[in-house]
Number of protein chains: 4
Amino acid sequence: MYLDGKKIASHYNAYTIFDAIVTDLENTVHTLTIRADNRFSKDSALHIPNDYMSYGGVSRPVVLEQIRGQYIRSIRVTPHYRENCWHADAEVEVQNISGQTADVEVQLTLAGQKLPSRHISLEAGASGTLCWSAVFEDAEEWSPENPALYEAAAYLKNGNELIDDLIDRFGFRRVEISGKDILLNGKKLRIRGLCRHEDHPQFGCALPYSAIAADLEIIRHLGANSVRTSHYPNDELFLDLCDEQGILVWEENHARGLSEADMKNPNFEAQAERVIEEMIPAHYNHPSIYIWGILNECASDSEYGRECYRKQFELIRKLDSSRPCSFASCKFKTDICFDLPDVVSYNIYPLWYHDTLVDEYLKDLYCWVQEETGGAGKPFLVTEIGAGGIYGYRNPAHSKWTEEYQAMALEQQLTGVLKHPDCTGVYIWQFCDIRVSEEWFGGRPRTMNNKGIVDEYRRRKLSYDVVRRIFLEDAETAVKHAQTALQ
Amino acid sequence: MYLDGKKIASHYNAYTIFDAIVTDLENTVHTLTIRADNRFSKDSALHIPNDYMSYGGVSRPVVLEQIRGQYIRSIRVTPHYRENCWHADAEVEVQNISGQTADVEVQLTLAGQKLPSRHISLEAGASGTLCWSAVFEDAEEWSPENPALYEAAAYLKNGNELIDDLIDRFGFRRVEISGKDILLNGKKLRIRGLCRHEDHPQFGCALPYSAIAADLEIIRHLGANSVRTSHYPNDELFLDLCDEQGILVWEENHARGLSEADMKNPNFEAQAERVIEEMIPAHYNHPSIYIWGILNECASDSEYGRECYRKQFELIRKLDSSRPCSFASCKFKTDICFDLPDVVSYNIYPLWYHDTLVDEYLKDLYCWVQEETGGAGKPFLVTEIGAGGIYGYRNPAHSKWTEEYQAMALEQQLTGVLKHPDCTGVYIWQFCDIRVSEEWFGGRPRTMNNKGIVDEYRRRKLSYDVVRRIFLEDAETAVKHAQTALQ
Amino acid sequence: MYLDGKKIASHYNAYTIFDAIVTDLENTVHTLTIRADNRFSKDSALHIPNDYMSYGGVSRPVVLEQIRGQYIRSIRVTPHYRENCWHADAEVEVQNISGQTADVEVQLTLAGQKLPSRHISLEAGASGTLCWSAVFEDAEEWSPENPALYEAAAYLKNGNELIDDLIDRFGFRRVEISGKDILLNGKKLRIRGLCRHEDHPQFGCALPYSAIAADLEIIRHLGANSVRTSHYPNDELFLDLCDEQGILVWEENHARGLSEADMKNPNFEAQAERVIEEMIPAHYNHPSIYIWGILNECASDSEYGRECYRKQFELIRKLDSSRPCSFASCKFKTDICFDLPDVVSYNIYPLWYHDTLVDEYLKDLYCWVQEETGGAGKPFLVTEIGAGGIYGYRNPAHSKWTEEYQAMALEQQLTGVLKHPDCTGVYIWQFCDIRVSEEWFGGRPRTMNNKGIVDEYRRRKLSYDVVRRIFLEDAETAVKHAQTALQ
Amino acid sequence: MYLDGKKIASHYNAYTIFDAIVTDLENTVHTLTIRADNRFSKDSALHIPNDYMSYGGVSRPVVLEQIRGQYIRSIRVTPHYRENCWHADAEVEVQNISGQTADVEVQLTLAGQKLPSRHISLEAGASGTLCWSAVFEDAEEWSPENPALYEAAAYLKNGNELIDDLIDRFGFRRVEISGKDILLNGKKLRIRGLCRHEDHPQFGCALPYSAIAADLEIIRHLGANSVRTSHYPNDELFLDLCDEQGILVWEENHARGLSEADMKNPNFEAQAERVIEEMIPAHYNHPSIYIWGILNECASDSEYGRECYRKQFELIRKLDSSRPCSFASCKFKTDICFDLPDVVSYNIYPLWYHDTLVDEYLKDLYCWVQEETGGAGKPFLVTEIGAGGIYGYRNPAHSKWTEEYQAMALEQQLTGVLKHPDCTGVYIWQFCDIRVSEEWFGGRPRTMNNKGIVDEYRRRKLSYDVVRRIFLEDAETAVKHAQTALQ
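Residues numbered from 1 in each chain as written. Chains lettered and ligands numbered in written order. Predicted model: local features only at pLDDT ≥ 70, side-chain atom pairs only at ≥ 80, totals over all residues. Heavy atoms only, no water.

1. Regarding the interface of chain D and chain C
Across the boundary between the two partners, chain D contributes 18 residues, which contact 18 residues of chain C. Carbon and sulfur atoms supply 62% of the area buried between chain D and chain C, which totals about 1,500 Å² over both sides. Sorting the residues of chain D by area buried against chain C places Y393(D), F441(D) and R446(D) first, and these three jointly supply 37% of that buried surface. At the junction of chain D and chain C, the tally comes to 0 salt bridges. At the boundary of chain D and chain C, one finds 10 residue pairs in polar contact (both at pLDDT 80 or more). (Contact = heavy atoms within 4.5 Å. Buried area = accessible area lost by both parts, 1.4 Å probe. Salt bridge = Lys/Arg side-chain N within 4 Å of Asp/Glu carboxyl O. Polar contact = N/O pair within 3.5 Å; in protein donor to acceptor, adjacent residues only side chain to side chain.)

Here it is, written out as C-alpha cells:
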C-alpha cells in the first residue's frame, strides 16, 4: 500500500485486516495505491494452487479514517457466567501516535451500563490498555434461538474534547467442553452445519452484503445452525450477520491441504501464525464464533506437522482462552495430533471417494480414536461430509456426479453421522459450488468443486430438500430431547 | 450359449463374432439361452474398469441359420494392383459337418466375373480352401471419393443342388507404406479422423443401424475421412457403412491402458490374441479398413510389454499381409516398441493434461522418435488429441471443461498437428461423450469421458464448428496439393 | 413414386401404407424414385403448421416384393367370444394381377389350427375374398397381463406350386361398451396411458425398432398400460410391440386442431376419410388396438364439423364393427357431437392453461356432459392432461415451465381424474417432448412441445417419478378392486 | 408508512422516491413500519400482470435523517453553453418546517466555485427557492468519453450555525435536437444501447451496488454507450454509476403495454403523471440522462391514448426544458402521436414475431413515418429489437429459441438498423433475461422473458459476441466518421 508513491504498509494473507497510520499529512489531494498480488510462489506458503480459487484484487472493504493524536485501537469484551449471573470483562487499548505524552480519558458503556471512566497517560508513540469488569443482572443470553446483542461503546476524550470512539457488539454466552460434549450456555450443543467458501460467480470472493445475507437465508432455510468458514477467516459482515441471526461459526485460519513439504516452506510458520494473530483480536467479540479451527487437512500424521499444530494451538490459547479449538483431519487412522485440540474433528467421504458404508466407516474410525489416540474422551465432530453433484445432471443410473447420487449419498451420510451417539454434529461439504484453481481441473468437473448443496448461482440441487428434511427432523428431535431432559 | 440347457459354445470378448454348429437336432421347439457376463474379474484380462463402459447383455446381432452337411465358412478376397491393372485373389473355405465324405462344387462370382467352378472332396468333419485369381480390367478403384464396392458371391453345390451361398462385398484398393507416407492407391494418405466408441445413452453399445448411420452422417459433416474404432473391433454394420461411404477405418483389437501388471495376467496373451484371430478373418474383406491397431496405451515402455506387442504384430502379419499395422502409444519419450509396427502413432494431450504448447511438444516428441527410436523414418500419426468440454458449460474465464476451452484447445491442437510436415494425420479424441466405468468417476465429470465433439445425445459442442472448419480447409488444401503435384 | 422415371403411384398422407404393383418388368436394373413433399399448402388439408413437426422424406419402411400372377392381398381375423369359448372369423383376399383367369387354392392356418383349404377362380385383374370360421377351445385370451398372440398364416397355391403366403398375428380378445364402462374381455377397463408422438431428435419421425422398443420400455416402467397414437396412425413396428407387450392402443386418424375453416378445405373430407380407409384394414388384426379415434380437437362445436365427425364414425363402423370409437374434444361445454361416438373423451388442462382446480373443473365438465349432451351415460375418458416442464429448469418459486411445477400439476391432475368415479382413465399429454412447426414457436419454448414426462432425449423429468408412483398405485388399487369384486 | 402505528405517509408506485417529515418526536425508541403492497388491483393502473415481475417489499434504500427547523429540499443545476463557454443555473429550495418564521442563509459551491451566499426569510411551514448563475471557464465537458463530474454543494446556516447541507453532482453537457439528429455537446449522437430491467435471481429488483456495477461492466464490455431504463425510473445508484462511466440513459416513467382500456382506468392519469413529477426532480442533475421516455407500447394509436401522451409530454416539458422526450411505439403504421415527442422511437421485432426481413420492414416503416405522420423530419430511434434465446438451448436446425437463432437474428437486426442512414441508434431488447408475471407464462418460456443477451445469471449467450463485435465496429466507424468530419 502506497501513499503518494511511498510504501506505508505491506501485508501477507488476503483474509485478515491490517492498517496503516500516516501522520503529518499535508492538506491536499493524495493518492492511495494498493497493489494486490495473487500469484503463487515460494514466498507464499498459504496460497497455493488449491481446491478453491485464489482471487486477486481488493476483496474486503477499505476504510479511510481521520484520527487525532490518540485513538482507540481495540475493544475486547469477555462475558463470564458466575453465580447465576452474567459478568463481562472489557479491555480497551488506546494508542498515542502524537510526538508527545498525552493524558486521555476513556469512557465505556457496556450493554447500556455506563462504567466509570478511566484516565491513562501515554508517552509519545505508546499504547496502553484499560480494564473494566461489570455485572449484568438482566442480560439476555445470546443463543441461536435468541441472538441478543449488546453494544460496547468506548469514547476517548482529551480534556473536554471527544477525539475518538469505537463501538462494537458482543453477546453474553459461554462455550465449554464437558467430556464428549460441547456446551453452549451449559447445554449440549448439536451442530447441523455447512462449510462455506466466500465465492460467487459475479463477485468472486468479494460478496456484497446482500449476497452474504442471501446465503445465510438459504443456510437457515436448510435448517442449519452453523457455518464453518472454510478455509480462512471470513468477512466481518458475514460474522455480524451470524451474530444477529444466531448462526454458530467455526472460524479457521488460512490453510488447506498442506503437505509436510508445504509446511516446511520457510515462510509457513510465520505466515500461518500471523493469520491467527490477526484473526482472533479482530473477531474476538463475535458471540457467533464458538470455536477456532486451524490447518485443515494438513500433515497431522507427521512429527513435523504435529509440531506446527502444537504451536498454533498454544498461540490460539494465549490469544483467547474463552473458546475451544480444533482442526479438521483427513488422516484416516494415522493422525497423531488428537491430544492437542479440545475437539476431535474429521473430514470423511464414505460413498464418495470410497464405497465403504457410512456406519461401518464411522464406527471403525471412532473406535480407533477412542482406543488408540490422545483424542479419546473428547468431543467428536464430522467437519466435512459430502459428494459431488453437477447441477442439472441426472440420469437413471444415478451414477456419481448426478444430482440423484449426491442426494442419496447425503441422505445416507447425514443419517449415519447424526445417529452416531457420540457425534456432536456435522458440517456438510459444502454450501455452494465453488471455483477452484485451474491446476485442480483434473478431478474437478467444470474446474469447480461441485459438492455444493446449491450450485454457484445458488440453485438448489436435488440434495437440498434431503438436507433440509434431515436437518429439520434432527432439530426437532434435539428439541424433544431437550424437553425430555428438562422434565 | 446353451441349447435346451446344454452348453454349445462359450466365448470370451464382447466384440468379436463366434458361432456354434449344432447337428442332429430334432424337429421340435428348442430353447437357445445366452448368458452374458460383464463382471470384472481376474479371469478377464481385457475387460477391466476402464475409460469406457463395459455394458452387459447381447449387444451384437444373433443369427440362426439352417445349414446342410456342408457350408461355406468364409470368403476372402485380396485385391492387387499390378501392371496398371486390378487383380484379385479369392479363397473360399468350405466345411463338411456331416458324418461322411462329401464332394462339393464351389462357384464363385467376383465383381460380376463368373470364375471357373471348383470341386473339392472333404472328409467327414474336414474343411478345405479353394483359391482363385482373376484380372479385373474395368474395375473401379475403391477410394474415399468413390467407394466402389463389388460383390464376391460363392455358391456351394452338392450335385445339382445348391446347398449354401455366401455373399460378401469387397473393393479394389491397396494400402502401402512408402517412407514416411502411407499410400492409398499410390497416393499419399491424409488422415482427418475421429476416435469413436460404440456408445449411446439409449442403446448402450448396441447401436441400431439408424444410430450408426446417424453417427457417420455427423462424422462426414465434420469433414472427417476416417474413424478409429477405439478400443475394440466394431459392429459389422458400421464397417459396411464405412465401406459404402468411403470412410477409412483404423480397426483395433480390444485393449486399453493395460499396465505391465495387467498384461502379466495369465489370460492376457491368449485372450488378446484371440481377438485378433477373430477380428481379422471376419473383417478381412472390408476395403475401408486400411490399418490394424493393437494394445492402445499399454506397457510399450517395458520389456515385458514389448514382447506382447511383438507377438501380436507377428500374428497380425500372419493373418493379413495386405495392410499395415500400428499401435497408439502414450509413452512420452519412453516407448521401446517403435521398431515393431509399420506406423508410429502417438496419443498426445498438450493443452489438456499439461500446458506445453502443441508445436513445441510435438516437435520434441517427433525429434526423439526420429533420433532415438526404431520408429525413425516411418509414417507418423497422431491417434489421439483432444480436450474435455462439458456440453452446456461455458464461462467467460474459458476455464478447462468449458466448451470454449475445448474449442480453443482443439483449434490449436489440430492446427499444430496438421501443419507438421511429417504427420500423416490426426484422430480427434473423440467423436461423442461416452459413459465410463463408475470406478473412473474421479477424473471423469458425469462418470463420462467428456472429450466428445458432440455429447452423448450427439448435440454439437462449440468445438464442432472449429473442427469442421479445420478439417474442411485441410481437405481443400490436400486437394490443391494433389492437383499441384499432378501438374 | 416413379419406376424408371414413370409414375407408378402417388399417395397423400405420411402415416398410412400404400403400394404399387408393376407388371411386365424387364429383367434388368431399374430405378425406383420416391418424391416426398412435406410442404404446407391448400392441397393438403391434414398437414398444416401444427403442434408437432411435419418431417419430410421417407419415414416408414419400403419393401420390394416379387409376386406372381396372383397374391394374397390381406388377411383379416375377427375373434368372437361365444358360449364360453373363443371363435374366430377370417377373411383372405386374393388378387389376380395376371392377364388371364386363374384358379387358386388358399390354405389357412389359424392359431395352429389348419383350416380346410378353399379354391377360388379369379378373372384377369379381379380379386376375391374367402371366409373361414373356427372354434378355438384352448385359446389363451390376449390381455395386458398375458398378451398371447397367435399366427394367422395364409398360403396361396396355383396347382401344386406355392406362389404366395401372408403371415400375420392376432389375439383373442373382445372390447365392449357396457353403460359407462369399456369392457376388455368382460372386465372393466382402466386406462393409465400416455399420448405419444413419433419423434426423436436423431431420427425425426422415423424411429428405428430399437428406439421404439426403448420408448415402450419407459412407458411400461412408468406403469402405463396404454398409448394414444396422437395424432395419426403409427408405425407397424410400434403396434407389433404393443401386441407383444400387452399395451392397449388408442389409434387415431390424422388430424389435429383443425378449425371449421380448415375442415372446409375442399380436400379435407376425402383426405381424412382416406386415412381411415387405409388405417383400419392395415391394422385390423392388432389386438392391442382397442379403440379408434378421429379428429383430435377439431370443430366439434359447429354444425359443419359435426357432419364431418358423423361421416367418419359411419365409415369406421363400416370398416370395423369390433371396436368402439371416439374423439378427443377440447370444446369446453360447447361440443355438439357427443351423441356420435361410443366413448366421450376430453382433453383438459386445469392448472396449466387456466388455474381452476382439477376436481372442480372436471366435475363441472362431467355434469354438463351428463345433463346437456348426447354423451350422457357413455364411458368417459380424459384423453389429454398435462403441463409444460422444461428439462433442467427448476426454481424455488416453482413457476410454470419448471420441472417442479409440472410434477405438482401432474400430481394434482392425475389424482383428480383417477378418483373421479365415472372416468375410465387418463392419457397424459405426453410421453416425450417433441418438435413443433416453427410457426408455433410463440407458445412453445424451444419450438418444442415441452409437456413430455421425458424430454426429447428421453431424460426423466421430475414428474416421471410422480407419474410412476400414481400409475403403480392405481394399478394396485385396480387389482385389489378386481380381487374384491371376485370374492 | 407508519411511525409508532400512526400513518405518516403513503405512496403509490414502486420506483420513485418519497419522504415523510415527522416533527415533535419524543426522544425515545420509535418504530417505523413500512407496508408494501404489490397485489394487482383496479386501484393500481400502472402495476398490472406484465412482461416483467412486480416484486413486493422495499426495494430501494430507506434513509433516516435528523433535520432541524429548516432544511434544504433540493438543488437543481442546469448547465448552458453560450459563447464558447459553460454556464450553469442553480436553484436551491429551502423548507421551513418549524412553527415560526426563520431567516436562513444558503451558501452554494458549484464545481469548486464558491458563489455569493444568499439569505431568505421563510414563514412557518413555507419553502422558498434561491437562484444563482455562474460562468465556468475551465469546465470540462461531460461526455461518454470523458464523464467529468462536478459537485454542487449547498449549505444552510441559521446564524452562525450550519444546520443542513445537500451535496449533489452534475456535469456540463447539453442535448439538442437538430433536424434528424440528436446532438450531444453539438455532436451527432449515435446510440448503441440496451434496455435493462432491474432484475436478478438473487435480489429481485433490489440489486445491491456490486450487482449494478457488475451489470454496467458487462454493458460496457459489450461496447454499448446507453441504457434504456425500461420500464420505470431506476435506482439512484444506477444513475450515479452511469454519470461516472459516461453511459447515456433513456429514463422513462412507469408504464408498459397499457391498452386503451388500461389507460381509461380512473387512476391512470394521476398515477402516471405522479411518476413523472417524482422522477424528474429527483434525477434532474444526472448528466447521463439525455432523454425522457413515457408510456412504452401504450395506446398511441387511439384518440384517447393520444390525449394522455399529449398531457404527459406537456408535463415533462414543464418540469424540464433541457432534455428532449420521446416514447417507444409498437404501433406499426397506426401510431397517431408522432407530432408530440421530440424523437420518434419504435420497438420492432422482424425475424422474431414475424419473418419480414429487417431492411424491408424498417424501410417501409420509416417511409410511412416520413410521409404520413407528424414525426416526419424528427430524429428516429429503434428502442427495441431482439429475439428470444434460451441459455443452453442450441440445435443444428437453429430453430427459434436457440442461442444460434438469437445470435443470427441480432446480427441481421443490428446490422440492418445501424446501416439505416436516418437512424440515431438502437436499443437491444434486452440486457438480461428477466422474470415475468406468472400470467404471462404462455408466450414466455420459463415464465421469463428470454431475450437477454445474458441470462438471468449474467451468463453470456452466443449472441453476446455478435453484439459486441457489431457495437465495437459501429463505435469505431462512428469515431472515423467524426474524424473525417473534423478534417
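Following the structure, the description resumes.
2. Notes on the relation of the copies chain D and chain C
Rotating chain D by 180° about the axis while translating it 0.0 Å along that axis superimposes it on chain C, leaving an RMSD of 0.0 Å. What the rotation and shift describe, once combined, is the action of a two-fold rotation axis. Looking at the interface residues of chain D, 100% of them are also at the interface in chain C, so both copies use one shared face. (Least-squares fit on C-alpha atoms with pLDDT ≥ 70 in both.)

3. Side note on the interface of chain B and chain A
In this complex, chain B contributes 18 residues to the contact, which on the side of chain A involves 19 residues. Taking both partners together, chain B and chain A bury about 1,500 Å²; carbon and sulfur atoms supply 62% of that area. Here chain B is connected to chain A by 10 residue pairs in polar contact (both at pLDDT 80 or more). The class makeup of the residues in the side of chain B that touches chain A is 9 nonpolar, 4 polar and 5 charged. (Nonpolar A, V, L, I, M, F, W, Y, C, P; charged D, E, K, R; others polar.)

4. Notes on the sheet that holds strand β19 (residues 343–347) of chain B
Residues and elements named next belong to chain B. Spatial strand order, β14-β15-β16-β17-β18-β19-β20-β21: 8 strands in a closed barrel with parallel pairing. Direction aside, the axes of adjacent strands within the sheet are offset by 25° on average. Inspection of the sheet shows strand β17 (residues 289–294) paired to strand β18 (residues 325–329) by 3 bridges, in the parallel sense. In the strand pairing of β18, I294 is matched with F327. Packing against the sheet, helix α4 (residues 268–283) makes contact with β16 (248–252) and β17, and its axis sits at approximately 175° to β17. (Pairing = 2+ DSSP bridges. Helix = DSSP H or I, 4+ residues; strand = E, 2+ residues; numbered from the N terminus. Axes fitted to C-alpha atoms, helices over the stretch in contact; angles between N-to-C directions.)

5. As for the relation of the copies chain B and chain A
Rotating chain B by 180° about the axis while translating it 0.0 Å along that axis superimposes it on chain A, leaving an RMSD of 0.1 Å. Most of the interface of chain B is mirrored in chain A: 100% of its interface residues are interface residues there too.

6. Focus: helix α7 (residues 403–418) of chain D
Residues and elements named next belong to chain D. In this model α7 runs 22 Å from its N-terminal to its C-terminal C-alpha over 16 residues, within 8% of the 22 Å that 1.5 Å per residue would give. Judged by how many residues are buried, α7 sits mostly within the fold: 12 of 16 residues are covered. What α7 keeps buried is the set E403, E404, Y405, Q406, A407, A409, L410, Q413, L414, G416, V417 and L418. (Expected span 1.5 Å × (residues − 1). Buried < 20%, exposed > 50% of the residue type's maximum accessible area, 1.4 Å probe, protein only.)

7. Overview of the pairing of strand β16 (residues 248–252) of chain A
Residue and element names in this part refer to chain A. The element β16 is extensively covered by neighbouring structure, given that 5 of its 5 residues are classed as buried. Pairing of strand β15 (residues 226–228) with β16 involves 3 bridges; the strand directions are parallel. Note on β16: the bridge partner recorded for S226 is L248. Each parallel crossover has a hand, and for β15 linked through helix α2 (residues 236–245) to β16 it is right-handed. Two strands pair when backbone bridges link them, and β16 and strand β17 (residues 289–294) are joined in this way by 4 bridges, in the parallel orientation. When the sheet's bridge partners are listed, W250 is paired in β17 with I291. (Right-handed = clockwise from strand over helix to strand, strands pointing away.)

8. Thoughts on the nonpolar core
With 161 residues, the main nonpolar core has Y309(A) and Y309(D) as its most contacted residues. In contact with Y309(D), other than residues within four places in its own chain, are M263(D), I294(D), L295(D), C298(D), A299(D), S300(D), F327(D), C337(D) and L340(D). Formed by 160 residues, the second largest nonpolar core is a distinct cluster that contains F203(B), I212(C), A272(C) and I276(C). (Core = buried A, V, L, I, M, F, W, Y, C linked by side-chain atoms within 4.5 Å.)

9. Overview of the environment of Y427(C)
Residues and elements named next belong to chain C. One can find Y427 in strand β21 (residues 423–428). Through-space distance from the C-alpha of Y427 to that of L365 is 17 Å; in sequence the pair is 62 residues apart. Side chain to side chain, Y427 and S226 meet in a polar contact 2.6 Å long.

10. Details of the pairing of strand β8 (residues 127–136) of chain C
All names here are of chain C. Every second residue of β8 is oriented toward a common face, the buried set being G128, L130, W132, A134 and F136 and the non-buried set S127, T129, C131, S133 and V135. Of the strand pairs in this sheet, strand β5 (residues 85–96) and β8 are connected by 10 bridges, and their pairing is antiparallel. Directly across from D89, in β8, lies its bridge partner S133.

11. Considerations on the side chain of Q70(C)
Residue and element names in this part refer to chain C. By secondary structure assignment, the location of Q70 is in strand β4 (residues 70–82). By relative accessible area, which is 5% here, Q70 ends up buried. At 3.0 Å, the side chain of Q70 and the side chain of N96 are in polar contact. Here S98 takes part through its side chain, which lies 3.4 Å from a polar atom of the side chain of Q70. If we skip the residues at most four places from it in the chain, Q70 touches Q95, N96, S98, A102, V104, L156, N158, I163 and D164.

12. So, a nonpolar patch on the surface
All names here are of chain A. Where nonpolar side chains cluster on the molecular surface, the patch consists of L32, I34, V58, V62 and L64 and spans about 460 Å² of accessible area. Position of V62 relative to the elements: it lies in the loop between β3 (32–33) and β4 (70–82). Look at V62 and you get partly exposed, because its relative accessible area is 47%. (Patch = residues over 30% accessible without salt bridge, like charges linked within 9 Å, V, L, I, M, F, W, Y side chains within 5 Å. Areas by Shrake-Rupley, 256 points an atom, 1.4 Å probe, with all protein chains shown as cover.)

13. A look at the packing of helix α1 (residues 209–221) of chain C against helix α2 (residues 236–245) of chain C
Residue and element names in this part refer to chain C. For the pair α1 and α2, the least separation of the axes is 10 Å and the interaxial angle reads 40°. On the basis of the axis angle, α1 is oblique to α2. Two packed elements cross with a definite hand, and for α1 against α2 that hand is right-handed. In this structure, α1 uses Y209, I212, A213, L216 and R220 to contact α2, whose residues at the interface are L237, F238, L241, C242 and Q245. For the contact of α1 with α2, the residue count by class is 8 nonpolar, 1 polar and 1 charged. (Parallel < 35°, antiparallel > 145°, perpendicular 65-115°, else oblique. Left-handed = near helix turned anticlockwise from the far one by under 90°.)

14. Observations regarding the pattern of salt bridges
This model, assessed by the stated rule, comprises 144 salt bridges over all chains. Close ionic contact of R458(D) with D215(D) constitutes a salt bridge, the shortest N to O distance being 2.8 Å. Here R458(D), found in the loop between β23 (448–449) and α8 (462–486), pairs with D215(D), found in helix α1 (residues 209–221); they are 243 residues apart in sequence, far enough to count as distant. Here R458(D) and D215(D) have matching classes, each one buried. Counted as one network, the salt bridges with shared partners bring together D433(A), R446(A), E456(A) and K461(A).

15. A closer look at helix α6 (residues 358–372) of chain B
All names here are of chain B. An ideal rise of 1.5 Å per residue puts 21 Å on 15 residues; α6 measures up with 21 Å between its terminal C-alpha atoms. Of the residues making up α6, those classed as buried are V358, Y361, L362, L365, Y366, W368 and V369. Seen from one end, α6 has its buried residues packed into an arc of 155°, which puts them on one side. The exposed set on the far side of α6, more than 90 degrees from its buried face, consists of E360, K363, E371 and E372. Against β19, β20 (380–384) and α7 (403–418) lie the buried residues of α6. (Arc of directions from axis to C-beta.)

16. Side note on the environment of E303(B)
All names here are of chain B. Looking at the secondary structure, you find E303 in helix α5 (residues 303–319). For E303, a relative accessible area of 60% translates into the label exposed. Along the primary structure E303 and D474 are separated by 171 residues, whereas in three dimensions their C-alpha atoms are 39 Å apart.

17. Section: the packing of aromatic side chains
Tallying each qualifying case throughout the model produces 93 aromatic pairs over all chains. Between the aromatic rings of Y349(A) and Y353(A), the centroid separation amounts to 5.3 Å while the plane-to-plane angle is 70°, which identifies the pairing as edge-to-face. Note on Y349(A): relative accessible area 10%, which makes it buried. Three or more aromatic residues joined by ring pairs form one cluster here, namely Y309(B), F313(B), F327(B), F338(B), Y346(B), Y366(B), W368(B) and F380(B). Over the ring of Y393(D) we find R446(C), and its NZ or CZ is 5.0 Å from the ring centre. (Phe/Tyr/Trp six-rings, centres within 6.5 Å; stacked < 30°, edge-to-face > 60°. Lys NZ or Arg CZ within 6 Å of the ring centre and 35° of its normal.)

Purely geometric numbers; function is a separate question.
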